[in-house]
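# Analysis of the macromolecular model
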Amino acid sequence: MLTYKKFTEEHIPTYYEWRNDPEVAKFDQSVFLRPMAFEEVKDWSQIMVDGLTFVVYDDEKPIGTCAFMHLDNRNRHAELAIVIGDKNSWSKGYGTQIMTQLLEWGFEGLNLNRLYLHVFGFNERAIGLYKKMGFQHEGSMRNMLYRDGKYHNLECYGLMRDEWLEAKK
């Protein structure tokens, strides 16, 4: 069973390890494509300490993070993010469990109407998860990312509260 703890400064050393692993970093923001000093990761991580970011545990082992970003209570929407930093935990169904929890928190706990996310076009495993969870493709930001010698699109997905409620039936 997965558990969630608020991201605090105590989690930065683990996050530092994940961020400096090239296999993990390639699926995340461009800033992480080069090795970063601990102090750089610590400074960057302050937005996670201050925000709605959680460390995901399988038993006592941290396996990743998840977050609500750009939370807009007035218009009732937020951006979601998931990072499974422990590569041994990839392709084991954790993404589905984490996303299920985020949707529950977002639509029921935070009373949001819309959740959205961005994913790199080459991240087929994540795109499959988002489609399975009911997210709709809303558009592409063409050639937003340069990886492995070529440009890739940033894909935009969204899910509305009523769509989520209908799918739960």
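This text follows the structure it describes.
These notes cover the structure that comes with them. (Residues numbered from 1 in each chain as written. Predicted model: local features only at pLDDT ≥ 70, side-chain atom pairs only at ≥ 80, totals over all residues. Heavy atoms only, no water.)

Let us look at the side chain of Asp 21. Along the chain, Asp 21 turns up in the loop between helix H1 (12–19) and helix H2 (22–25). In terms of polar contacts, Asp 21 uses its side chain to reach the backbone amide nitrogen of Glu 23, at 2.9 Å. (Helix = DSSP H or I, 4+ residues; strand = E, 2+ residues; numbered from the N terminus. Polar contact = N/O pair within 3.5 Å; in protein donor to acceptor, adjacent residues only side chain to side chain.)

What follows concerns a nonpolar patch on the surface. On the surface, Leu 52, Leu 71 and Leu 110 cluster together into a nonpolar patch covering about 190 Å² of accessible area. Here Leu 110 lies in the loop between helix H5 (94–109) and strand E5 (114–120). For Leu 110, a relative accessible area of 31% puts it in the partly exposed group. (Patch = residues over 30% accessible without salt bridge, like charges linked within 9 Å, V, L, I, M, F, W, Y side chains within 5 Å. Areas by Shrake-Rupley, 256 points an atom, 1.4 Å probe, with all protein chains shown as cover. Salt bridge = Lys/Arg side-chain N within 4 Å of Asp/Glu carboxyl O. Buried < 20%, exposed > 50% of the residue type's maximum accessible area, 1.4 Å probe, protein only.)

This part takes up the sheet that holds strand E4 (residues 77–83). Across the sheet, seven strands lie side by side as E1-E2-E3-E4-E5-E7-E6; this open sheet has mixed pairing. Pairing within the sheet leaves two strands with one partner each, and these edge strands are strand E1 (2–6) and strand E6 (136–147). Strand-to-strand, the axes of this sheet are offset by a mean angle of 25°, without reference to chain direction. Pairing geometry for E4 and E5, over three bridges, is parallel. Its bridge partner lying in E5, His 77 is registered against Arg 114. (Pairing = 2+ DSSP bridges. Axes fitted to C-alpha atoms, helices over the stretch in contact; angles between N-to-C directions.)

Attention now goes to the pattern of salt bridges. All told, the structure shown has six salt bridges when counted by the stated rule. The partner of Glu 23 in a salt bridge is Lys 87, with the nearest N and O atoms 2.8 Å apart. Taken together, the positions of Glu 23 in helix H2 and Lys 87 in the loop between E4 and H5 put the pair 64 residues apart, joining distant regions of the chain. A salt bridge links Glu 166 to Lys 169; its shortest N-O distance comes to 3.6 Å. Here Glu 166 falls in the exposed class, since its relative accessible area comes to 52%. What emerges from the salt-bridge pattern is a single network uniting Asp 21, Glu 23 and Lys 87.

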